[in-house]
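Here is what each chain is made of, one letter per residue.
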Amino acid sequence: MAQLPVTEEQLIERFGPHLNREPPGGWNAGLDVEREVETHCCFCGQQCGIKLKVADNQVIGFEPWYDFPFNQGKLCPKGVKRYLQGAHPDRLLDPLERDPSAESGFRPIAWDAAIDRVATEIRRIQDAYGPDSFAVLSGVSLTNEKSYLMGKFARLGIGTANLDYNGRLCMVSAGVANKKALGMDRAPNPWSDIPLADVVFVAGANVAECAPITTSYVWRARDRGAKLIVADPRVTPLARTADLYLGLRPGTDSALMGAILHVLVANDWIDHRFVEHHTVDFDAAAAAVADMTPEWAARLCGVPRDRIVEAARLWGTSDTGMLLHARGIEHHTKGVDNVLSCINLGLATGKYGRPGCGVSTITGQGNGQGGREQGHKCDQLPGNRDITNPEHRAAVAAVWGCDVDEIPGKGLTAQEIMDAIHDGEIKGLLSICFNPLVSLPDTAHTAEALDRLEFYTAIDFFLSETAQHADIVLAGSLQEEDEGTTTSVEGRTIKINAAVDPPGNARRDWEIIVDIADRLGRRRYFDFDSTREIFDEMKLASHGGTADYNGMTWERIEAEHGIFWPCPEPGHPGTPRLYEGGVFAHTDGRARFHAVPFRESAEVVDDEYPIWLTTGRVVSQYLSGTQTRRIAALVEQYPEPLCEIHPRHAERLGVLTGDLVTVTSRRGSMTLPARVVESIRPDTVFIPYHWAGDRAANQLTNRALDPMSKIPEYKVSAVRVVKADGHVEIRDKRVTALTDSAAGTNGAAGTENAS
Amino acid sequence: MSPLVFDKMFVIDQSRCIGCEACVQACEECGTHRGQSLIHLEFVDRGADTRTAPMVCMHCEDPTCAHVCPADAIKQNEDGVVQSALKPRCIGCSNCVLACPFGVPKYFALPDQMMKCDMCYDRSSAGLAPMCASVCPSEALWFGTPADFQANRRGELIHEFRFGSQPVATKVATVVDDAALGPIDVMAGETAVRWQDDPFGIEEGWA
Amino acid sequence: MDRTSATAPTGPPPRRSRRRTPEVFGVRVDVRAAVWSTGAVLVVLVGVYLGSGGLQWFDAALAGYLIGVLLGVFATVYRYLIWIQRPPTARLNQRGWESFRRSGRVGRNAVGLVGLVGTNLLAQGFIRRRSTVRWAAHQLVFWGCILAAAVTFPLTFGWVHFESVGQDGSEYKAYLFGVGTGSFQAMSVVGFITFHLLNIAAFLVIAGVLVFLYRRLRDPGALAVEREGDFLALAGLFAVSVTGLFLTASSLWLEGRYYSFLNNLHALTVILGLLYIPFGKLFHIFQRPANLGIHLYRDAGREGAQQECRRCGRPYASQMQVQDIKEVLPMVGFDYSSPDGHWQETCPACRRAGVTIAQTGRVGGFG
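Let me begin by describing the structure that accompanies this report.

Cut-offs used in this document
- Residues numbered from 1 in each chain as written.
- Chains lettered and ligands numbered in written order.
- Predicted model: local features only at pLDDT ≥ 70, side-chain atom pairs only at ≥ 80, totals over all residues.
- Heavy atoms only, no water.
- Axes fitted to C-alpha atoms, helices over the stretch in contact; angles between N-to-C directions.
- Helix = DSSP H or I, 4+ residues; strand = E, 2+ residues; numbered from the N terminus.
- Parallel < 35°, antiparallel > 145°, perpendicular 65-115°, else oblique.
- Left-handed = near helix turned anticlockwise from the far one by under 90°.
- Contact = heavy atoms within 4.5 Å.
- Nonpolar A, V, L, I, M, F, W, Y, C, P; charged D, E, K, R; others polar.
- Buried area = accessible area lost by both parts, 1.4 Å probe.
- Salt bridge = Lys/Arg side-chain N within 4 Å of Asp/Glu carboxyl O.
- Polar contact = N/O pair within 3.5 Å; in protein donor to acceptor, adjacent residues only side chain to side chain.
- Buried < 20%, exposed > 50% of the residue type's maximum accessible area, 1.4 Å probe, protein only.
- Pairing = 2+ DSSP bridges.

Here we look at the packing of helix α4 (residues 144–158) of chain A against helix α21 (residues 509–519) of chain A
When two helices pack together, their arrangement is given by the angle between the helix axes and the distance between those axes.
Residue and element names in this part refer to chain A.
Argument step 1. Contact geometry for α4 and α21: axes closest at 10 Å, N-to-C directions at 15 degrees. When the interaxial angle is binned, α4 and α21 end up roughly parallel. Here α4 and α21 pass one another in a crossing that is left-handed. Judged by residue contacts, Lys 146, Leu 149, Met 150 and Phe 153 of α4 engage Asp 509, Trp 510, Ile 513, Ile 516 and Ala 517 from α21.
Argument step 2. Of the residues contributing to the contact of α4 with α21, the split by class is seven nonpolar, no polar and two charged.

Focus on the interface of chain C and chain B
Argument step 1. On the chain B side, the residues contacting the 80 residues of chain C number 84 residues.
Argument step 2. Regarding the contact of chain C and chain B, the summed buried area is about 7,000 Å², with carbon and sulfur atoms giving 54% of it.
Argument step 3. For the pair chain C and chain B, the interface holds four salt bridges.
Argument step 4. Our enumeration of links across chain C and chain B arrives at 39 residue pairs in polar contact (both at pLDDT 80 or more).
Argument step 5. Per-element accounting of the side of chain C that touches chain B gives the leading share, 12 residues, to helix α15 (residues 348–361) of chain C.
Argument step 6. Looking at side-chain class alone, the side of chain C that touches chain B contains 33 nonpolar, 26 polar and 21 charged residues.

As for the pattern of salt bridges
Where charged atoms of side chains with opposite charge meet at close range, the side chains can pair.
Argument step 1. As enumerated under the stated definition, the model contains 77 salt bridges over all chains in all.
Argument step 2. Put simply, A:Glu483 and A:Lys495 hold a salt bridge, and the shortest N to O gap is 3.2 Å. Of the two residues, A:Glu483 is situated in the loop between β18 (472–475) and β19 (484–487) and A:Lys495 in strand β20 (residues 492–496); the sequence distance between them amounts to 12 residues.
Argument step 3. Classification of A:Glu483 by relative accessible area gives partly exposed; the value is 28%.
Argument step 4. A salt bridge links A:Glu603 to A:Arg667; its shortest N-O distance comes to 2.9 Å. Residue A:Glu603 is found in the loop between β22 (591–592) and β23 (611–616), and its partner A:Arg667 is found in the loop between β25 (659–664) and β26 (669–676); the two are separated by 64 residues along the sequence.
Argument step 5. The buried category is assigned to A:Glu603, whose relative accessible area is 6%.
Argument step 6. Here the residues in one salt-bridge network are A:Lys74, A:Arg220, A:Asp223, B:Asp13, B:Arg16, B:Glu139 and B:Arg153, joined through shared partners.

Notes on the sheet that holds β18(A)
Residues and elements named next belong to chain A.
Argument step 1. Spatially, seven strands are ordered β5-β4-β18-β17-β16-β6-β7 in an open sheet, and the strand pairing comes out mixed. Each end of this open sheet is capped by a strand with a single partner; those strands are β5 (106–108) and β7 (163–165). On average, adjacent strands in this sheet sit at an angle of 20 degrees to one another, irrespective of strand direction.
Argument step 2. Of the pairings in the sheet, the one linking strand β16 (residues 428–432) to strand β17 (residues 455–460) comprises five bridges and is parallel in character. When the bridges of β17 are listed, Ser 431 appears paired with Ala 458.
Argument step 3. Sheet strands touched by α4: β6 (134–138), β7 and β16. Its angle to β6, the strand with the most contacts, is close to 170 degrees.

Re the sheet that holds strand β1 (residues 35–40) of chain A
Across a sheet, strands are paired by hydrogen bonds formed along the backbone, either parallel or antiparallel in direction.
Residues and elements named next belong to chain A.
Argument step 1. With antiparallel pairing, the three strands of this open sheet are ordered in space as β1-β2-β3. Of all the strands in the sheet, just β1 and β3 (58–64) have a single pairing partner and so form its edges. Each strand axis lies, on average, 35 degrees off the axis of its neighbour in the sheet, ignoring direction.
Argument step 2. The pairing of strand β2 (residues 49–55) with β3 spans six bridges and is classified as antiparallel.

Considering the interface of chain B and chain A
Argument step 1. Each side of the interface is counted separately: chain B has 61 residues, and chain A has 72 residues.
Argument step 2. For the pairing of chain B and chain A, the buried interface totals around 5,600 Å² over both sides, and the portion due to carbon and sulfur atoms is 54%.
Argument step 3. Of all residues in chain B, B:Arg34, B:Phe200 and B:Trp206 bury the most surface against chain A, accounting for 13% of the area lost on that side.
Argument step 4. Seen at the junction of chain B and chain A, the total is nine salt bridges.
Argument step 5. Linking B:Glu203 and A:Arg648 is a salt bridge whose minimum nitrogen-to-oxygen distance equals 3.7 Å.

Structure below.
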């Protein structure tokens, strides 16, 4: 039974989201800092260095960490306020058991009882329905150590093939494409390469809001005279400053990139020497774009032809260049194709393996890069190894000390697991660090699926919307309550240091997992007494894989401010830039071009649903908002989803900023305030996705998956927009600009509360 | 150029602002006014585009706010930093709010007082970057030595503004391509046609 | 860097000779202010003479304090008059009274003013809204000083004196302006409190000062913006209170040893303290009541026409105050006018936007 035990209102009353406004003890209590802990921000793949101020086992503030080279003290608003997630009234302090008779729907229980129940249910369900009927969903805000542990735990602890992670919703399209084209799944460049580029091409990446620190790298390039090209359906804050803006309609990225390759070929802006010596299959890729003229792409993408040609000229005639892409081109049923079409541009012009050259994804999640390497992805084992490859399986089995056959095969991906739950094939679920009720597409489908589980247990620090459905909630740890490593957007492995201990009876995630494994009778594979022991085994398990951490130690990582993998042996300096000298990771050392013919998105507009919907993030919220929707300052910055709509479109609907609109897709419908802006295409609306329930953008999105990466198509849906009754004042702080009026004499006294 | 007691300077380059509000969030972490954010950041016109206007106290060499204060509550240090209103003196009249050419001072109704940016005096007077300039991801707010600036950034520093007939010199610098063109003429307005006026090329056509 | 020495005590320093800085005491003598100050001193002297029955109840031992009071009165009145003449201050002073007198509102304003005196000047709720601890400390110091003044001034002026009743010195009678009031036993509760009023005041002040000091010294942010006057004021209050307590200690427990020295020391701190009032932080005692005028000014402004922003069209302040600013600015040496109007007719938010637009226009490639 995984239905909500009591009403949503009752759950919210007890478990939040409530808003934490001030550091522990109030603004003026934070004066006796016991120590400052050098660690990293938990929100997003940039993994900015930050010092957390600690007093009395509580994080009470932060101090910029100027010496950490990646961000040099810089932080986005999430980083500034991340310290407020600790000492939070919503923090889970005990394991909880679902109890519909309790007012809050849950009652605290002892750890022993909780772990017993979980272990018993796992075995009961597996005995009744088979080993793969119990699934595990993991998350990539977890450290490398926890990711590794989750992978091993699912395979050897529970013995299920069905383990996947929410990185599936993030950079998997880039991962698959990089592996196919270049032979390895890692961003090829350290970020220090960006300032060395003569042209910076940002495709489908809202850098200013989703990876704010990267802005300064782009600026540094422009200070050197670099040109900036931005391709995005919205004039994002970065796009606003671009030298060349390509405002393409959602779902046409590969057409745009194809046309650019077409122009490169037509003008012979091709690095023939590089293509000949370091790549294969250029001709196939060129043939596939023979018909992709800029005129064709201009009509399809809704971009002036000359801008496409100019983009090709800038990219093709610059000696160095970086193409940065993110979810904007990856969240598609052709996400892999889109990335391959970008890689083609890099390979065709020889922009790999040199300073200032590369095509790189901007990983979104905290440990998006590192998490997947450690093997909590359904098709991977530690070291970025392939779970279907017998040699890889044998290597990992040797480290784990198990029989190769004990390691299950490839399981379902995240969305497929939810579909299988919906279909009744999977009966039990353990999740950690994943809030699918908010983050998976088609929320109604996800909610139905959760209701069908026979047993669901969630490890969480707050009761997320998904965890509300759990039978047992295991109170786990925040990032600052345990140590370990993560690997950032650059492929730089860094050290996360514990600032405080878990509060109350909450426990470190790894301790919980080890206990469950013990209760399942699998202690021999999980004989860990500390996070460091997990790291040591993880290193060994990664050795020989592409993501080789073998030469790293925690001490070295801290002393060197991070180490870029591969770092196969002690003393190895790490590898900031991949593919130096054009040597790629395929066995023949060559990169692969791919023919990328254009195809439409899974859903296209029609008379009934005539408007494109695209979704994304805002700068003050992180993913499903489990953490950031609990921090007052971040919530107030952008309190609720707004539907961005172009004035031409709005005029047809008779809608003004603040008017409510109802947006309907084939999956569902939601009503929210409109923000009328010229910064979005007239044929497209945008809704950010961080909220739950009737404010969830994913009520509308499509569950269609990329055939290779299995990423859902968050970025393209067909919708209908109509005016709804009602009007609200948009509460975005930046819009209510007349706070100054309190200054004057017109009676707004009290609007700036300084108490 | 104002005399600098500390060798680092504050630079605000509004054109680089990405509107993320890291500065707004970090401002209230400053030790001299904990819990109060004194920096300003708003959209210029969100309907038109995403351009944002950040504003810290420019620390005028001859501060208008101090001259219109009826209570002598606004003091300037010898290093040129104009302090927030002295709490015992400020009588909450808002003259400074209404007179400041940069729109900097904030009036707070409950304590019935004005507060404004003091360049995180606890930090800057010790050579540390103010909170906003520490965290600003786009370096629209920046704190460092002039040599640092010249080594890494294009553009020239300028400390002079003009508002109608009034020249205003500031301790905080901003950036222009060519400082020789004279002070930034704030009341002149905006005339140039920009691609941002038709970002999607609707007028241009998609062919 | 030595922050203390890096701060200027008053006013923006003269950076350019374009115009003179706001007037500061001592720069040049303002004859009118000097005349009024002298008048105030004379009024006090006359008051002393009359109130002490032609000096018959005046205690000559307190003559030093009287001289201190007279000097303090002169300096404070002089400083006040200089202050009230500054263009922005004079304008608000005028507007405050105009607002008070506006037709049909005098009665209501008078009642309102009494309320404001209670809530703002006495209860000081505006400080409590900033911090309860700060408010508590300020209340301790405030009421301590009020109490001390209420005892010291009448005693010094000879307005109040005590005479013993009977032969054994166990009963005293208090006289106000020579008129006998109640008598009390020296050893009674009333007697104890009466004789220790100044000690009670001293304890209140010291407690408040210690809280202030504790807060300041623990808070690096507050320390950074510390001005030397802040500590001087606290030190002065502390010195006056402690030396006063020494006197009591000397007579109670040391059989009056060192009394004469301690008495001189106490008198010195009091006189220096009185002289310090117009120059330092304590002058806010006389400035703060202007806040009441601001309340009236604000009410009047709310009732009148509102200034609409020239850029966004939204009202942002009373036309009266914007007009006042526009008129005061030239008096203090500024000219923000242009052919299109006055920059202060744009709301602060649009001023910020205007700066951004103008700056961005001077930068290529980022805007």
